[in-house]
Amino acid sequence: MRFVTSGLVVLAAGLLVAGRWDLALGVGVGGLLGWVLMEPIRITWAIFVISFAIPVTIDFGYPTNPSYTLLLILFVLAAWGRVLRAERDGWPRALIGAALLLPSCAVLAGVVHWHGAKPVVVGVAPLLCFGVLGWHLVEEARRDPQSILRLAEVLTWLSVAVAAFAKYQTLSHTWPIFDQLAYTWTYTSAFDATRAVGISGHPIIYGTFAMAMALAALTIRGRFWYIPFTANLVGLVLSGTRSAWIGMILALAFWLFFQWRKVSWRGIGGAIAVAAAAFTVVAVGPSTFSFIAPAPEPTWVSGPVWVSPAPAKTSAAAAPAKTPAAGVPARTSAAGVPARTSAAAVPAKTSAAAVPAKTSAAATSTSGNSVDDVGSRLSNPIGSASADARFVRMRVVWSGITRDLSTVVFGNGPEANVRFLERVALGDGQAQVFDNTYLTFWYNYGLIGLSSLLLLMVTLYRRLQSLPARLLLVGASAQIFFFDAWLWLGAVGVLLLAVALGAAGNPSLAAQPLPGFGPRRHRSRAAESALETRSVPAGVR
């Protein structure tokens, strides 16, 4: 192993000397992936690092759409993790069935409404990937609950640094790195500089991440847990994501419902202190830090050149060849997530005059006062353009679902939402997506698919009897009602984290192996006895 490592280091150094930094980077990434693939627990860490830390709004020269590229990497990691454990653990029928449930619904919908093999493959691939990821995480959490808890706690502390970066974004009215590298202008601060994106590349996805990390910190209760909890409350507010606010409120109400007997004056005082600290950080403006002057307004000029106060090297990934009228690319995947724009779905190439520096209503406020920006998003949420657009989409989706009995039961087939949006754009100046995960799933895969999705989520809630898992499921389930989540890895990562924490916090799952094929040779009587007596931290139950 040491010889292989030394060889890779020498090769990477030689490529750097030769000026081929791209090949050197490839060697480094390949070597890192090889090291990760040697141990299943490393694979588990890599899954969440990729999901939460690599934004799909940046194209690093991937051979295909960033979301699908990263999904393929995650699938390879999880599948190899199961291969490493297969001889010892067997193949559990229950988990394999759960992993294949949603992909089977997609295949059924594709057969009933046949539009070729490609839409079926594209629609099934993400669902199969997430199923295998869930299978891997459940098995690893059952094997080593403490590692999953340690991973979740590390993520909450990582989120503190992300929250600080998010605050800088709202102070400077720029999204450093994302402004220079995003492959469409709608993933830059030119779209809405009043909202923070953290390292997710999109305010909605950052809001999802901040909500999840706040709930994880609150329930896991590691050392100084109130620091990441407060930091993520700040990030949640700065993201301006009302769907994440709703999810957070519902999850906290759920938490209070089960914790009301433990309420004390000390706890109430702590909650007030946390709220006051979060409000103070949110209210801090550029004038507080004279050395951070608000940057000049970035503009999108004619041609693929991004102009900022410190011009960065532009690349093909930074140039949006097609620009939709709304804040996301018009070409979406089966679940309505970021993809390169499609010529059929958008107007002709947009000129500088047609693309203003700020295009959303929220983006017109650049006072630097985050409290005012949040207030503007709360002042008229029902009558806002975003809310009106969602009502329009619900009517469109419902008419497509109820067209006839076959579309009600079997849906319109994988990628049906993409085909619709390519033919008939929703001419309201908003995102060309359906913006509702449940309705999109019903539209594509029918009542059978939607029922399977809801059954899976209810089963997870009932079987994964731990407080962190249930809070994350409640918050995420509420939030994805307001946007299409499937290929936003940061959003799906929250559901995967809930699955891992739930399996880690359920003693019955750790104590008893799930039904599997083949002989149960993987655990001795002594090992099973040890698992039965293993204690799970009280805060996780």
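Use the structure listed above.
Reading guide: rules and limits
- Residues numbered from 1 in each chain as written.
- Predicted model: local features only at pLDDT ≥ 70, side-chain atom pairs only at ≥ 80, totals over all residues.
- Heavy atoms only, no water.
- Helix = DSSP H or I, 4+ residues; strand = E, 2+ residues; numbered from the N terminus.
- Buried < 20%, exposed > 50% of the residue type's maximum accessible area, 1.4 Å probe, protein only.
- Contact = heavy atoms within 4.5 Å.
- Areas by Shrake-Rupley, 256 points an atom, 1.4 Å probe, with all protein chains shown as cover.
- Phe/Tyr/Trp six-rings, centres within 6.5 Å; stacked < 30°, edge-to-face > 60°.
- Salt bridge = Lys/Arg side-chain N within 4 Å of Asp/Glu carboxyl O.
- Axes fitted to C-alpha atoms, helices over the stretch in contact; angles between N-to-C directions.
- Parallel < 35°, antiparallel > 145°, perpendicular 65-115°, else oblique.
- Left-handed = near helix turned anticlockwise from the far one by under 90°.
- Nonpolar A, V, L, I, M, F, W, Y, C, P; charged D, E, K, R; others polar.
- Expected span 1.5 Å × (residues − 1).
- Patch = residues over 30% accessible without salt bridge, like charges linked within 9 Å, V, L, I, M, F, W, Y side chains within 5 Å.
- Polar contact = N/O pair within 3.5 Å; in protein donor to acceptor, adjacent residues only side chain to side chain.

J.: For this particular structure, what's the right way to read the overall build of the protein?
T.: Along the protein, the regular secondary structure elements total 21 helices and 4 strands. A total of 541 residues make up the protein; the buried ones form 53% of that total. Across the protein, every contact between residues at least 6 apart in sequence was considered, and the portion connecting residues at least 24 apart equals 77%. Total accessible area on the protein is roughly 23,900 Å²; 68% of this is exposed by carbon and sulfur atoms.

J.: Looking at this model, I keep getting lost on the packing of aromatic side chains. Mind explaining?
T.: One pair of aromatic rings is described through two measures. These are the centre distance and the angle between the planes. Scanning the model with the defined rule gives 20 aromatic pairs in all. Ring plane angle 20° and centroid distance 6.1 Å describe the contact between Phe 48 and Phe 52, whose orientation is recorded as stacked. With a gap of 4 residues between them, Phe 48 and Phe 52 both fall in helix H3 (residues 40-53), about one helical turn apart. The same class applies to Phe 48 as to Phe 52, namely buried. Between Phe 441 and Tyr 445, the ring centres sit 4.8 Å apart and the planes meet at 70°, which makes this aromatic pair edge-to-face. In this pair, Phe 441 and Tyr 445 both sit in helix H17 (residues 437-463), 4 residues apart, roughly one turn of the helix.

J.: Quick question: what am I supposed to make of the pattern of salt bridges here?
T.: Oppositely charged side chains may form a pair once their charged atoms are brought near each other. Per the stated rule, a full pass over the model turns up 2 salt bridges. Arg 142 is the salt-bridge partner of Glu 139, the closest N and O atoms lying 2.5 Å from each other. Separated by 3 residues within a single helix, Glu 139 and Arg 142 lie in helix H6 (residues 117-143), roughly one turn from each other. Under the relative-accessibility criterion, Glu 139 is labelled buried at 5%. By relative accessible area, Arg 142 is classed as buried at 3%.

J.: Would you mind going over the environment of Arg 223 with me for this structure?
T.: Relative to the helices and strands, Arg 223 resides in the loop between helix H9 (203-220) and helix H10 (226-239). Given the relative accessible area of 64%, Arg 223 is considered exposed. For the pair Arg 223 and Glu 153, spaced 70 residues apart in the sequence, the C-alpha separation amounts to 9.2 Å. The contact partners of Arg 223, leaving out residues within four places of it in the chain, are Glu 153 and Trp 157.

J.: Could you clarify how one ought to interpret the packing of helix H5 (residues 93-112) against H17 in this entry?
T.: The axes of two packed helices give the description: the angle between them and the distance between them. Following both chains from N to C, one finds H5 and H17 inclined at 160°, their axes separated by 9 Å at the closest point. As summarised for this structure, H5 and H17 are arranged roughly antiparallel, according to the angle between their axes. Every pair of crossing elements has a handedness; the one defined by H5 and H17 is right-handed. Side by side, H5 and H17 meet where Ala 98, Leu 101, Leu 102, Cys 105, Ala 106, Leu 108 and Ala 109 of the first sit next to Phe 441, Asn 444, Tyr 445, Ile 448, Gly 449, Ser 452, Leu 453 and Leu 456 of the second. For the contact of H5 with H17, a count of residues per class yields 12 nonpolar, 3 polar and no charged.

J.: Whenever I open this one, the packing of H9 against helix H18 (residues 467-479) confuses me. Can you help?
T.: Interhelical geometry of H9 versus H18 gives an angle of 160° and a closest axis separation of 9 Å. Accordingly, the angle class assigned to the pair H9 and H18 is roughly antiparallel. Regarding H9 and H18, the two cross each other, and that crossing is right-handed. Together, Ile 204, Thr 208, Met 211, Ala 212, Leu 215, Thr 219 and Ile 220 of H9 and Leu 467, Pro 468, Leu 471, Leu 472, Gly 475, Ala 476 and Gln 479 of H18 make up the contact between the two elements. Classifying every residue of the contact of H9 with H18 gives 10 nonpolar, 4 polar and no charged.

J.: Just checking my understanding: could you explain helix H11 (residues 242-259) for this structure?
T.: Since the α-helix turns once every 3.6 residues, residues separated by three or four places project in the same direction. The first and last C-alpha atoms of H11 sit 25 Å apart over 18 residues, in line with the 26 Å expected at 1.5 Å per residue. Taken as a whole, H11 has its buried residues at Arg 242, Ser 243, Ala 244, Trp 245, Gly 247, Met 248, Ala 251, Phe 254, Trp 255 and Gln 259.

J.: Sorry, what's going on with helix H19 (residues 489-504) here?
T.: Spanning 16 residues, H19 covers 22 Å between terminal C-alpha atoms, matching the ideal 22 Å at 1.5 Å per step. In terms of residue burial, H19 counts as a mostly covered element, since 16 of its 16 residues are buried.

J.: Help me out: how do you make sense of a nonpolar patch on the surface in this one?
T.: A cluster of nonpolar side chains, namely Leu 256, Trp 260, Val 263, Trp 265, Ile 268 and Ile 272, defines an oily patch on the protein surface of about 730 Å² accessible area. It is helix H12 (residues 265-283) that contributes the most residues to the nonpolar patch, 3 residues altogether. By the element assignment, Ile 268 lies in helix H12.

J.: I keep staring at the side chain of Asn 65 and nothing clicks. Help me out?
T.: By the element assignment, Asn 65 lies in the loop between H3 and helix H4 (66-89). Here the side chain of Asn 65 touches Ser 67 through a polar contact of 2.9 Å, landing on its backbone nitrogen.

Everything listed is a geometric property; what it means functionally is a separate question.
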